[in-house]
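Overview (structure and organization)
The chain contents come next:
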Amino acid sequence: MFKVNVSNILDNNKSQENFSFSILNLSRNIDLLGPLSVSGKAIVRGSSVIVYFRIKGNERVTCDKCLDFFECDIDREFSQEYVQNDLDDSDNLEGLAGFLVDDKGNIDLEKAIIEEISINDLNLNLCSDSCKGLCPKCGLNLNKNKCSCYNNKEGDNPFAKLSKLKEK
Ligand SMILES: [Zn+2]
Ligand SMILES: [Zn+2]
């Protein structure tokens, strides 16, 4: 839980609440390399609190082509709306779990940060633009190894044999 208290902006004592901290562990699915720095501000808009985030760090992700791990920069800005938990509308509140201002004026920033990083992890992650991936036949990582599956002319390529016959 990474809580920020927004009572002061809800009570109009301040126009914005700034925050800055670093996170070492976030979620089992996000492999942070070193601390993730989180900073930003919260402001009130109507009956909601809008939080503007800036997150910076490094994570270890899997290449979708060669399945090897590589280091990926995290450097993003995003915002999230938090709704005050004084509505008598429990149906509506259910969908907002994790995005509420509690009765003490606290908001928990963890879920928004995890979602932001996880959504990006759903994109195609490549260790490099020139990643050769895995050999579809033997499964070797072609960035590190050379297999003979498609170099061997005697292999699966029927035309290789034909060209040999012609040479004779
Ligand atoms: Zn790769
Ligand atoms: Zn192969």
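All of the points below concern the structure found in this document. Remember, it's a predicted structure, so these values are computed and weren't measured experimentally. (Residues numbered from 1 in each chain as written. Chains lettered and ligands numbered in written order. Predicted model: local features only at pLDDT ≥ 70, side-chain atom pairs only at ≥ 80, totals over all residues.)

1. Details of the overall build of the protein
Stated formally: A run of H or I in DSSP counts as a helix once it spans at least four residues, and a run of E counts as a strand once it spans at least two, with each numbered from the N terminus. As a rule, residues whose C-beta atom has 12 or fewer other C-beta atoms within 10 Å are exposed, those with 20 or more are buried, and those in between are partly exposed; C-beta atoms are placed from the backbone. Contact between residues is assigned whenever the C-beta positions, reconstructed from backbone atoms, fall within 7 Å.
Regarding its fold elements, the protein presents 4 helices and 8 strands. Ordered by position from the N terminus, the helices and strands of the protein form the series β-α-β-β-β-β-β-α-β-β-α-α. Counting over 168 residues, the protein shows a buried share of 14%. Long-range contacts, defined here as pairs at least 24 residues apart, represent 50% of the contacts in the protein between residues at least 6 apart.

2. Considerations on the pairing of strand S4 (residues 36-45)
Our working rule: A strand pair is defined by DSSP finding two or more bridges across the two strands.
One ladder, built from 7 bridges, connects strand S2 (residues 17-23) with S4; its direction is antiparallel. Bridge assignment links Ser 22 to a residue of S4, and that residue is Ser 37. Where S4 meets strand S5 (residues 48-62), 9 bridges bridge the pair, whose relative direction is antiparallel. Counterpart to Ser 37 in the pairing with S5 is Lys 56. As consecutive antiparallel partners, S4 and S5 are separated by 2 residues, and within that stretch Gly 46 has a phi angle of approximately 60°, a positive value.

3. Things to note about the environment of Ile 117
Its place among the elements puts Ile 117 in helix H3 (residues 110-121). For Ile 117, a count of 22 C-beta atoms within 10 Å translates into the label buried. C-alpha separation for the pair Ile 117 and Ile 30, spaced 87 residues apart in sequence, amounts to 7.8 Å. Those residues in contact with Ile 117, other than ones at most four positions away along the chain, are Ile 30, Glu 59 and Ile 74.

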